Amino acid sequence: MAKKLKFRCKKKQVICIVVIFLVLLFGIWKFTEKKETLHYSRETHTTVTNVTEYRSDEILIGVQQIMIGTKCGSYKEALATLTAIKEAGYDAVELNDFMIHPAGLSVKLLTKFSGMPVGNGGKLDWSALIEESGLKVSSFHTYLDSIEANPKQVAEEALCFGTNTVVITGMYRFDYSSLEEVERLAERLNEAGKALSEYGVRLLYHNHNCELQKVSEEKTAYDILIEETDAAYVNFEFDSYWFADGGANVEKVMEKLGNRMKLWHINDRGCTKAGPYMTPILSQNATELGNGNMDLDGLAAIAKKNGVEAVILETHKNWVEKNPIKSLKVSSEFMKQHFK
């Protein structure tokens, strides 16, 4: 009798485990299944009327959308966030393809583990939000393969937001240490930039630190991208934080870019944790502008000399009081002092 009861209990446990497994499997499938993405266009969505027009006598200041993923859980919250950005003195926001559309599981996990979760903003109507907030869109980040697959669609999406500037966020699962691969990337960028230009849209490339990989004794991958792309079709959004992180001479790179440096991703780098410290070595990370150790004054002077058109704040996590809105308000003081 006892053996039968024990067998029945084990059988029920197995059934429960199988049911739970199937429910989880179904949930994951529903969560990750591909849904048709409705891309923004001037025919189907609100068209942003505050069009971004870059002028030689004005430098726009903006905020990268990746900073505000946790503050855009609903339309109301997102609008309040954008309003706070405008009230802090910023002119624009820089949008990301993966944040204005529903993000896949891999993107959500990657951004969450990096400390900058995309949140649920992909379900919101961003063209309506931008229009209502009164902000401009400085530029639109997307992927190279998206442009290669449908340049007209990418261009139309950017123009719907009132910007003619599309930026390649970066390459994933890509070998930046291979000269052959990087030279082919330069060719692809030229082709993509030419395709976008037919719709009145320009292409910029945004760096991280991987472009500092050496492809020869004398040159990095970034050197190749600068030298082998055509300025008529490809220019740059330079991220000084990531090159400082990689140990590069940031000033020298900015001077080499010259007027091909159209936009500047700005950030500061340091350690803002209070002591006492356990060891004499501190981890450096992103911080509010002016709170770190980068020579931002010197870099700002070079950016102005280069004729930079917009400066975009992108502070990665470690925000003051763990609040990105409070953080961007602190950084706005540096931005307004140097570019307004």
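Refer to the preceding data block for the structure.
Residues numbered from 1 in each chain as written. Predicted model: local features only at pLDDT ≥ 70, side-chain atom pairs only at ≥ 80, totals over all residues. Heavy atoms only, no water.

Asker: I tried to follow the sheet that holds strand β5 (residues 202-206) on my own but got confused; where do I start?
Answerer: Hydrogen bonds between backbone groups are what pair the strands of a sheet, and the pairing can be parallel or antiparallel. On the basis of which strands lie adjacent, the closed barrel formed by eight strands has the order β1-β2-β3-β4-β5-β6-β7-β10 and parallel pairing. Strand-to-strand twist across the sheet, computed as the mean angle between neighbouring axes with direction ignored, equals 30°. Across four bridges, strand β7 (residues 261-266) lies against strand β10 (residues 310-313) in parallel orientation. By the bridge assignment for β10, Trp264 is matched with Val311. (Pairing = 2+ DSSP bridges. Helix = DSSP H or I, 4+ residues; strand = E, 2+ residues; numbered from the N terminus. Axes fitted to C-alpha atoms, helices over the stretch in contact; angles between N-to-C directions.)

Asker: Explain a nonpolar patch on the surface to me, please; I cannot follow it from the model alone.
Answerer: Taken together, the side chains of Leu105, Leu109 and Phe113 define a hydrophobic patch exposed on the protein surface, amounting to about 310 Å² of accessible area. Along the chain, the position of Leu105 falls in helix α4 (residues 105-113). (Patch = residues over 30% accessible without salt bridge, like charges linked within 9 Å, V, L, I, M, F, W, Y side chains within 5 Å. Areas by Shrake-Rupley, 256 points an atom, 1.4 Å probe, with all protein chains shown as cover. Salt bridge = Lys/Arg side-chain N within 4 Å of Asp/Glu carboxyl O.)

Asker: In this structure, what is going on with unusual backbone geometry? I would like to understand it.
Answerer: Peptide bonds are mostly trans, and most non-glycine residues show a negative phi. The omega torsion of the bond from Gly275 to Pro276 falls at 5°, within 30 degrees of zero and hence cis. As for its placement among the helices and strands, Pro276 is situated in the loop between β8 (268-270) and β9 (285-287). Although it is not a glycine, Glu321 adopts a positive phi angle of roughly 55°. Unlike most non-glycine residues, Lys322 shows phi in positive territory, near 55°. Here Lys322 is to be found in the loop between β10 and α13 (324-339). The exposed category is assigned to Lys322, whose relative accessible area is 77%. (Buried < 20%, exposed > 50% of the residue type's maximum accessible area, 1.4 Å probe, protein only.)

Asker: Mind showing me how you'd approach the pattern of salt bridges here?
Answerer: Opposite charge on two side chains makes pairing possible when the charged atoms of those side chains draw close. Scanning the model with the defined rule gives 14 salt bridges in all. Ionic pairing is found between Arg55 and Glu58, a salt bridge with its closest N-O pair at 3.5 Å. Of the residues examined, Glu58 reaches a relative accessible area of 25% and is grouped as partly exposed. Residue Glu148 is joined to Arg188 by a salt bridge in which the shortest nitrogen-to-oxygen separation is 2.8 Å. Taken as a pair, Glu148 in helix α6 (residues 144-149) and Arg188 in helix α8 (residues 179-197) lie far apart in primary sequence, 40 residues in all. Using a relative accessible area of 38% as the deciding quantity, one classes Glu148 as partly exposed.

Asker: What is the right way to read the pairing of strand β2 (residues 92-96) from this model?
Answerer: A large share of β2 lies buried, amounting to five of its five residues. Of the two faces of β2, the one carrying Ala92, Glu94 and Asn96 and the one carrying Val93 and Leu95 are both buried. One ladder, built from three bridges, connects strand β1 (residues 60-64) with β2; its direction is parallel. By the bridge assignment for β2, Gly62 is matched with Ala92. In this region the chain leaves β1, passes through helix α2 (residues 75-87) and returns to the parallel neighbour β2; the handedness of that crossover is right-handed. By the bridge criterion, five bridges tie β2 to strand β3 (residues 136-142) in an arrangement that is parallel. Pairing of Asn96 across the sheet is with His141, part of β3. (Right-handed = clockwise from strand over helix to strand, strands pointing away.)

Asker: Help me out: how do you make sense of the environment of Ile85 in this one?
Answerer: Summarising the element assignment, Ile85 is placed in helix α2. Using a relative accessible area of 0% as the deciding quantity, one classes Ile85 as buried. As a C-alpha pair, Ile85 and Ser332 span 247 residues in sequence and 9.2 Å in three-dimensional space. If near-sequence neighbours (up to four positions away) are discounted, Ile85 is found in contact with Val63, Ile68, Tyr90, Ala92, Leu135 and Leu328. (Contact = heavy atoms within 4.5 Å.)

Asker: Is there a simple way to think about the side chain of Thr165 in this case?
Answerer: Relative to the helices and strands, Thr165 is located in strand β4 (residues 165-168). In this structure the side chain of Thr165 is engaged in a polar contact, spanning 2.9 Å, whose partner is the side chain of Arg202. Beyond its immediate sequence surroundings of up to four residues, Thr165 is in contact with Tyr54, Ser138, Ser139, Phe140, Val201, Arg202, Leu204 and Leu263. (Polar contact = N/O pair within 3.5 Å; in protein donor to acceptor, adjacent residues only side chain to side chain.)

Asker: Where do I start with a negative patch on the surface in this structure?
Answerer: On the surface, Glu251, Glu255, Asp295 and Asp297 cluster together into a patch of negative charge. Here Glu251 shows up in helix α11 (residues 250-257). (Lys, Arg positive; Asp, Glu negative; His and termini not counted. Charge placed at Lys NZ, Arg CZ, Asp CG, Glu CD.)

Asker: In this structure, what is going on with the nonpolar core? I would like to understand it.
Answerer: As a rule of thumb, nonpolar side chains are buried together in soluble globular proteins. Formed by 79 residues in total, the largest nonpolar core has its most connected members in Trp126, Trp264 and Leu328. The element best represented in this core is α8, accounting for six residues. Once you skip the residues sitting within four places of it in the chain, Trp264 turns out to touch Phe238, Ser240, Leu296, Leu299, Ala300, Ala303, Val308, Ala310, Val311, Ile312 and Phe339. (Core = buried A, V, L, I, M, F, W, Y, C linked by side-chain atoms within 4.5 Å.)

Asker: Help me understand the packing of helix α9 (residues 221-228) against α11, please; the structure alone is not making it clear to me.
Answerer: Relative placement of two packed helices is described by the angle separating their axes and the distance separating the axes. Two numbers describe how α9 lies on α11: the axes approach to 11 Å, and their chain directions differ by 15°. If you check the angle between α9 and α11, you find them roughly parallel. Our pair here, α9 against α11, has a crossing hand that is left-handed. Where α9 abuts α11, its residues Tyr222, Asp223, Ile226 and Glu227 lie against Val253, Lys256 and Leu257. Along the lines of polarity and charge, the residues of the contact of α9 with α11 split into four nonpolar, no polar and three charged. (Parallel < 35°, antiparallel > 145°, perpendicular 65-115°, else oblique. Left-handed = near helix turned anticlockwise from the far one by under 90°. Nonpolar A, V, L, I, M, F, W, Y, C, P; charged D, E, K, R; others polar.)

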